[in-house]
Amino acid sequence: MTRVGVLAVQGAFVEHEASLSRLGAECYEIRKAADLGRSPDALVIPGGESTVMGKLVRDLGMFDTLRGMILDGTPVLGTCAGMIMLAGSVEGGPSHLATMPIAVRRNAYGRQLGSFSARAGFAGLGEIPLEFIRAPAAVSLGEGVETLSVVDGVPVAVRYGNQIATAFHPELTDDPTVHTYFLDAVR
Ligand code: GLN
């Protein structure tokens, strides 16, 4: 059984646990540095607020270990704020884990009208529903970054080896496609 450590310091982690559990994965919550030492098969960095999450990850002494695990190849799914956490550069602000060569713009769709739904193809697996909440946009992709989904010409899901990032929230719909794709990538 795949054991997924879900970063649970802030944001929408419970919904990821529910989505992954429905697919037969075992989830546990990463709340403190020692939890990273439990050798998860994969990691999830949820949506939330990247500035707060980035601060907590540093304050809780998780930053270097978490970053090292990702760079060493532990599969990771980052959604929304999680995508920002992974991004190598964040427009107008500090980057966080910076393990993926993409540049993102936070709150790219405006602060007030920032939540919307869309449908788009994902990784050749058909159309899926996409929920965006004050989502980032990937404004540039570095070498080796594969686009998994596009809305209005903007990449909204990308993969860089062991790292998968979505600007939307797959954990907020019943559609299992993204989590299934992630678990398949882990195996
Ligand atoms: N706007 C948030 C940020 O900048 C991300 C929003 C989300 O995760 N739903 O971190």
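Our subject is the structure listed above.
Rules used throughout
- Residues numbered from 1 in each chain as written.
- Predicted model: local features only at pLDDT ≥ 70, side-chain atom pairs only at ≥ 80, totals over all residues.
- Heavy atoms only, no water.
- Buried < 20%, exposed > 50% of the residue type's maximum accessible area, 1.4 Å probe, protein only.
- Helix = DSSP H or I, 4+ residues; strand = E, 2+ residues; numbered from the N terminus.
- Arc of directions from axis to C-beta.
- Contact = heavy atoms within 4.5 Å.
- Phe/Tyr/Trp six-rings, centres within 6.5 Å; stacked < 30°, edge-to-face > 60°.
- Lys NZ or Arg CZ within 6 Å of the ring centre and 35° of its normal.
- Axes fitted to C-alpha atoms, helices over the stretch in contact; angles between N-to-C directions.
- Parallel < 35°, antiparallel > 145°, perpendicular 65-115°, else oblique.
- Left-handed = near helix turned anticlockwise from the far one by under 90°.
- Nonpolar A, V, L, I, M, F, W, Y, C, P; charged D, E, K, R; others polar.
- Salt bridge = Lys/Arg side-chain N within 4 Å of Asp/Glu carboxyl O.
- Pairing = 2+ DSSP bridges.
- Near = heavy atom within 4 Å.
- Polar contact = N/O pair within 3.5 Å; in protein donor to acceptor, adjacent residues only side chain to side chain.
- Lys, Arg positive; Asp, Glu negative; His and termini not counted.

Trainee: Explain helix α2 (residues 50–59) to me, and be specific about the residues and the numbers.
Mentor: Buried residues of α2: S50, M53, G54 and V57, and no others. All buried residues of α2 fall inside an arc of 100° around its axis, so they share one side. Turned more than 90 degrees off the buried face of α2, the exposed positions are K55 and D59. As for α2, its buried residues are in contact with β1 (3–7), β3 (42–45), α3 (63–71) and α4 (81–86).

Trainee: Got a sec to walk through the packing of aromatic side chains? Specific residues and values, please.
Mentor: The final tally for this structure, using the stated rule, is five aromatic pairs. A centroid spacing of 4.9 Å and a plane angle of 65° characterise the contact between Y109 and F116, whose relative ring orientation is edge-to-face. On the numbers, 6.0 Å between centres and 65° between planes, the contact of F132 with F168 is edge-to-face. Separated by 36 residues along the polypeptide, F132 in strand β8 (residues 127–133) and F168 in the loop between β12 (163–166) and α5 (177–186) bring together distant segments of the chain. Aromatic rings pair up to connect Y109, F116, F132 and F168 into one cluster. For R38, the ring lying beneath its charged end belongs to Y28, and the centroid distance is 4.0 Å.

Trainee: For the packing of helix α1 (residues 13–22) against α5, give the residues involved together with the corresponding values.
Mentor: When two helices pack together, their arrangement is given by the angle between the helix axes and by the axis-to-axis distance. Relative orientation of the contacting elements α1 and α5 amounts to 70°, with a least axis distance of 10 Å. The angle between the axes of α1 and α5 places the two elements in the roughly perpendicular class. Every pair of crossing elements has a handedness; the one defined by α1 and α5 is right-handed. Contact residues: H16, S19 and L20 in α1; H179, F182 and L183 in α5. Here the residues of the contact of α1 with α5 are counted per class, giving three nonpolar, three polar and no charged.

Trainee: Tell me about the pattern of salt bridges, and please be specific about residues and values.
Mentor: Applying the stated criterion to the full structure yields nine salt bridges. Salt-bridge contacts for K32 lead to D35; the nearest nitrogen and oxygen are separated by 3.0 Å. What makes D35 buried here is its relative accessible area of 7%. Ionic pairing is found between K55 and D59, a salt bridge with its closest N-O pair at 2.5 Å. Taken together, the positions of K55 and D59, both in helix α2 and four residues apart, correspond to about one turn of that helix. This pair shows no difference in class: K55 is exposed, exactly as D59 is.

Trainee: Would you mind going over the pairing of strand β7 (residues 115–121) in detail, with residue names and values included?
Mentor: In terms of strand pairing, β7 meets β8 through seven bridges, oriented antiparallel. Within β8, the residue paired with A118 across the bridge is L130. Taking the residues that link successive antiparallel strands as the turn, the β7-β8 hairpin has five residues, and the phi of A123 there is positive, at about 50°.

Trainee: Give a detailed account of the environment of G88, specifying residues and quantitative values.
Mentor: Relative to the elements of secondary structure, G88 occurs in strand β5 (residues 87–90). With 81 residues separating them along the chain, G88 and H169 place their C-alpha atoms 20 Å apart. Contacts of G88, omitting those with residues within four sequence positions, involve S95, A98, M100 and I102.

Trainee: With reference to specific residues and values, describe the site of the ligand.
Mentor: The environment of the ligand is made up of G47, G48, E49, S50, C80, A81, I84, R106, N107, I133, R134 and H169. For the ligand, an oxygen atom lies 2.9 Å from a polar atom in the backbone of G48. A distance of 2.9 Å separates a nitrogen atom of the ligand from a polar atom in the side chain of H169. Residue composition of the shell around the ligand, by class: four nonpolar, five polar and three charged.

Trainee: I'd love a proper account of the side chain of E17, names of residues and values included.
Mentor: Looking at the element boundaries, E17 is found in helix α1. It turns out E17 is buried and unbridged, and the closest side chain with the opposite charge, R31, is 6.4 Å from it. When residues no more than four places from it in sequence are discounted, the contact partners of E17 are V6, C27 and E29.

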